[in-house]
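Chains, contacts and geometry: an overview
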Amino acid sequence: MSPPCHRLYLFLDGELPPVDEENFRHHLARCAMCASGLHEAMQLELLGFQALHPEGDPLEDEVEEEAPRHESPPSWPAPPWPKPVWHQRLRAVLPAGWWAAGAVALAAGLLVLVLAVPRARDTPPEVWTAHPAQRALEARVAYARADGYRHYVPMRAGPETPVVTTPLPLRELAELEDRGDLHGIAAAYLVRRDVRQAADFLRRTPASLDRDSDLAVIALEQGRREDALELLEAVLRKSPDHPQALWNRALVLREMGLTLQAAEAFDVVAKQGEAGWSEEARVRSQALRSETLLRSRDFHDARAAAQNLATLEGARLPLDEARRFPGVVRLAFYDALRAAPTRDAALRLLPLAAVLDEVQGGATLRDTVHAVARADFQRRGPLAREYVRLLRGEHPTPEVYLETLRRSGEEDLYLGALVSRDAVASHVDDFVRIARAGGDPWLVLLAERELSVREEREGQWWKAEQRLRAALASCSGRGLAYRCATLRRRLADLFVRLHRPADALEEAREGWRLTRELGEWNLEQQFLQEMAQIARYRHSTASARAFLRESLSRIPDDCEQRTYAHRNLATVAWSDFRPVEAREELEQATRCGRPLGMSGAWVLSYLARHGAEVRDEDLLRRTLDELRRGSRTAGELAMLTFLEGQFMLERERASGRELLHGAIDAAESLPRDVDARKARGFAYGVLVSDAGRSGVQEQVLELMGQALRVPAPERCVLAVSVDHERTVVTVRDAEGALAGVYDDKRSTPLHGTAEGLVPPRLVAALRGCEHVDVLALPPVHGLPGLLPADLAWSYRVGRSGPTPEAHGPVGHHLVVTGVEAPQALGLEKLSPLEGPRVPDPLRVELRGAGATPSRVLREMAHAREIEIHTHGLFSPELSDASLLVLAPEEDGRYALAAAQVREQPLLGAPLVLLAACGAARAAPFLHEPVSLPVAFIEAGARTVLASTGDIPDTAGRFFESVRERIRAGAPASRALRDERLAWLAREPAATWPAQVLLFE
């Protein structure tokens, strides 16, 4: 037996840990040897019981116990023996279909008992009922017989408590499988919340809206809310009245915390008039809306009471509000103390200071009150009264007053006036000095935030990140939670602008959770908008739209907020290939007369492809002018030039091209600026599309080479670009002849494969090539399926900087294998590689707990060959692209991600083999390719092999064989092709070899 197969009997006896059991289930579904072993074990077990107990059959009795029928079955005495071990185990753990079709059928064949029992023509409704009077699954199943209304009763016990209240009737499930009703079987599992089995059967059913609705239920049960929402939105786009999808969408929105959107979704269900469902939807809608609006009212009442302290004489002290909403009350407390015109007015705030100090601990605010009370109010009093006028917006000469405060020595008044006038950016040094002088942690954290803003504006984003992380590390206590949340939002916003959605998502999720716990309604609103931006960067358009709609529902009368939401909804609609909806949202955004911002300019620029109106040009120029008059980085200015150039390309081609090249030139000098890199990548994409539309294939190749920073080969080259709805494909065959196609009818994004992008006639033109260089821009770069498996080809990757030069000896062969991954990840332990068949004196192995990220990076630096055999993961929470799982460091860090690889110079120009699942999976960025293979090449590697999908444990031999062919002198692309074809000749059904890609 192969290494996993020796676990078969441990599996049957229930001795595997849960994670290993799950992994073995998937192995069993694919392994003929284990299937044969299972068959033999079942035969032995049943024959043994038949020999010992010929008078009865435990299996049939179990079926009858679990599946009572409407007609009376034959009766026999209850067997005195225990049920066989395999019978108890296999029902719980076998892959879907094995038990119902395999075990029951085998038992029937061996004992000829199941066939003796009369079969009912109609499947009884109990198959799809987990409990006779209530439902255990909150969602609705899109299988008619499983969708009867029952009152929902949530489980009160822990997650390990069994959910099933009535057992699965195995005989009926077998009959359903005989009839090919796999959706019915999936529904039977799903109503019992056995999502693992339900998913197995659902994925074997034909594509349909009902199937996708139920897959969304599984995603929701597994905590994959964004995936669930995407599936349901797609169903409802084709069938707006789909009852189950409508209900389930409301549940997903509620689980995402979007309570007003969920209430509106339940309202739609209520209007359907379905018995039971509509009434429950109405109750749920009212509860969600009432709870949300009550939270809003309580917050706004508390904020108003706190703000009254500074602007209304004799206002009450909001002591209860301070205990419940210490953040927003503390904000107002500082203003109230600054506005106190007398010593008594200042001392009156002591009880409020005491409550706020009690929340946080210490006596900071009481000390602050006493310090202010000691001031000379003959001098301070008039300034304090003017401060009140400043807060009310009634001061006639605020700039003069600000200068007076600067020279007055009343430092706290000066600091407050800088915040009120939004003048901190131009007086950062004064602000930081005053904030730090008093030692108040609230003000110190605020100073750190403002310093990070200045560092980012100066292009020193890494300093801003370090400063914010350090500030958050020192931020603790409920009294400072509001300030901590604003720091987290600032860090998330920085990561969004740096186009690091994985890092941004981590901060935003934590901030969203924290602010909901605090009840700080205004911060919730900010995090809603932050989550929308992150979802948009991750191309999760359904989630982005939901977050923005919730934001809009919460503040419907705020013109600024409406403009913000609609202009970003326009961007989401464009990303979702819905230009008409994008224009409608942009129209909504213009109704308040507020600036459209960068996102509005973006949509206007792209909408020009579908015909620009005269007013569009006026609106775009006005928007660009407003943006340029603000404080903009050089990268943002390059982006504005790109947007103007793209718009003008559709109206005046010459001026548009000139502007696009200008954006590229401006961006070239800013390699670390994300906005500049975006401007460069997008501008090249538009120019390539324009050249393809004009049929100038030579120019397509030239521009593609420039965009990727690689020379365009004179022959045997394929260039592919997908710029939203526009697709350009150009080839140069073995004789140097050019051919190409242009298409502007794409209506959906690429979905993980490039199959079909290259027309057959262009594939045929490349048949005479021994090797094909592929020049591809995102999102095509790194996708499998671009060319057939029998062609030798590779993705070309350029470098933004010089190739690292070796200092000292290089040349060893690094092998990372047998990695001890963190147990918490629940990953199956991979078999370590066997030793080399031929002595390899340069081989250096890192195994087990020693294969940590820091050690692997250190050993990679001087290696000539690098092989990493481990698990690969794609986790948006950890990395934008795939990562490699290594042994944990002392601090728990285990991931080797693209960002770390990129920073480690590879001085040996190595051949890199990444034998890990999904190691070539790229980040969903449109402006530049970001993946582990690209990172290795940017760090100095010459060649990288990696897979975009899952690979079996045996794939290590595949990668080693490719390496041996390369060592023997074969070009890497031909070595990969020949090994792929040899593997497929032995295993024709294998699909994973076609997903192993080459990057050079």
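Preceding this paragraph is the structure being described.
Treat the numbers as computed from the prediction; the structure is a model and nothing was measured. (Residues numbered from 1 in each chain as written. Predicted model: local features only at pLDDT ≥ 70, side-chain atom pairs only at ≥ 80, totals over all residues. Heavy atoms only, no water.)

Glancing now at helix α24 (residues 441-457). Between its first and last C-alpha atoms α24 spans 25 Å; for 17 residues at 1.5 Å apiece the expected length is 24 Å, and the two agree. α24 sits mainly inside the fold: 12 of its 17 residues count as buried. Residues of α24 that are buried: Trp 442, Leu 443, Leu 445, Leu 446, Ala 447, Glu 448, Glu 450, Leu 451, Ser 452, Val 453, Glu 455 and Glu 456. Considering only its buried residues, α24 is in contact with α16 (326-339), α22 (411-420), α23 (428-437), α25 (461-473) and α26 (481-497). Sitting at the head of α24, Asp 440 places a side-chain oxygen 3.0 Å from the backbone nitrogen of Trp 442. At the C-terminal side of α24, Gly 459 shows a positive phi close to 85°. (Helix = DSSP H or I, 4+ residues; strand = E, 2+ residues; numbered from the N terminus. Expected span 1.5 Å × (residues − 1). Buried < 20%, exposed > 50% of the residue type's maximum accessible area, 1.4 Å probe, protein only. Contact = heavy atoms within 4.5 Å. Polar contact = N/O pair within 3.5 Å; in protein donor to acceptor, adjacent residues only side chain to side chain.)

Before going further, it helps to examine helix α37 (residues 697-708). The terminal C-alpha atoms of α37 lie 17 Å apart, and with 12 residues this matches the ideal 16 Å at 1.5 Å per residue to within 8%. If you check which residues of α37 are buried, you get Gln 697, Val 700, Leu 701, Leu 703, Met 704, Gly 705, Ala 707 and Leu 708. Considering only its buried residues, α37 is in contact with α36 (674-694), β3 (717-723), β4 (726-732), β5 (738-743) and β6 (772-776). Phi for Arg 709, located one or two positions after α37, is positive at around 60°.

All right, on to the pairing of β6 then. Across the 5 residues that make up β6, a large majority, 5, are buried. Covered by surrounding structure in β6 are Val 772, Val 774 and Ala 776 together with Asp 773 and Leu 775, the residues of both alternating faces. Of the pairings in the sheet, the one linking β3 to β6 comprises 4 bridges and is parallel in character. Considered in β6, the bridge of Leu 718 is made with Val 774. Two strands pair when backbone bridges link them, and β6 and strand β7 (residues 793-795) are joined in this way by 3 bridges, in the parallel orientation. Bridge pairing in β7 links Asp 773 to Ser 794. (Pairing = 2+ DSSP bridges.)

Let us now look at the nonpolar core. Of all hydrophobic cores here, the largest spans 146 residues; its most connected members are Val 141, Leu 190, Ile 218, Leu 258 and Phe 333. In terms of residue count, α26 provides more of this core than any other element does, 10 residues in total. Ignoring any residue separated from it by four or fewer positions in sequence, one finds Val 141 in contact with Ala 146, Asp 147, Ala 187, Leu 190, Val 191, Asp 214 and Gln 244. One finds Ala 776, Ala 851, Leu 906 and Val 944 within the second-largest nonpolar core, a separate group that totals 59 residues. (Core = buried A, V, L, I, M, F, W, Y, C linked by side-chain atoms within 4.5 Å.)

When we look at a pair of aromatic rings, we describe it by the centre distance and by the angle of the planes. The full count for this structure, using the stated rule, is 21 aromatic pairs. A ring pair is formed by Trp 247 and Trp 277, whose centres lie 5.0 Å apart and whose planes are at 70°; its orientation type is edge-to-face. With a gap of 30 residues between them, Trp 247 in helix α12 (residues 243-255) and Trp 277 in helix α14 (residues 277-311) connect regions that are remote in the sequence. Judged by its relative accessible area of 0%, Trp 247 is buried. On the numbers, 5.4 Å between centres and 70° between planes, the contact of Trp 983 with Trp 992 is edge-to-face. Classification of Trp 992 as buried rests on a relative accessible area of 8%. Of the aromatic side chains, those joined through ring pairs into one cluster are Trp 574, Trp 602, Tyr 606, Phe 642 and Phe 682. The lysine or arginine in question, Arg 536, covers the ring of Tyr 537, its NZ or CZ lying 5.3 Å from the ring centre. Taking the ring centre of Trp 462 as reference, the NZ or CZ of Arg 672 above it sits at 4.7 Å. (Phe/Tyr/Trp six-rings, centres within 6.5 Å; stacked < 30°, edge-to-face > 60°. Lys NZ or Arg CZ within 6 Å of the ring centre and 35° of its normal.)

Any functional reading would require information that these geometric values do not contain.
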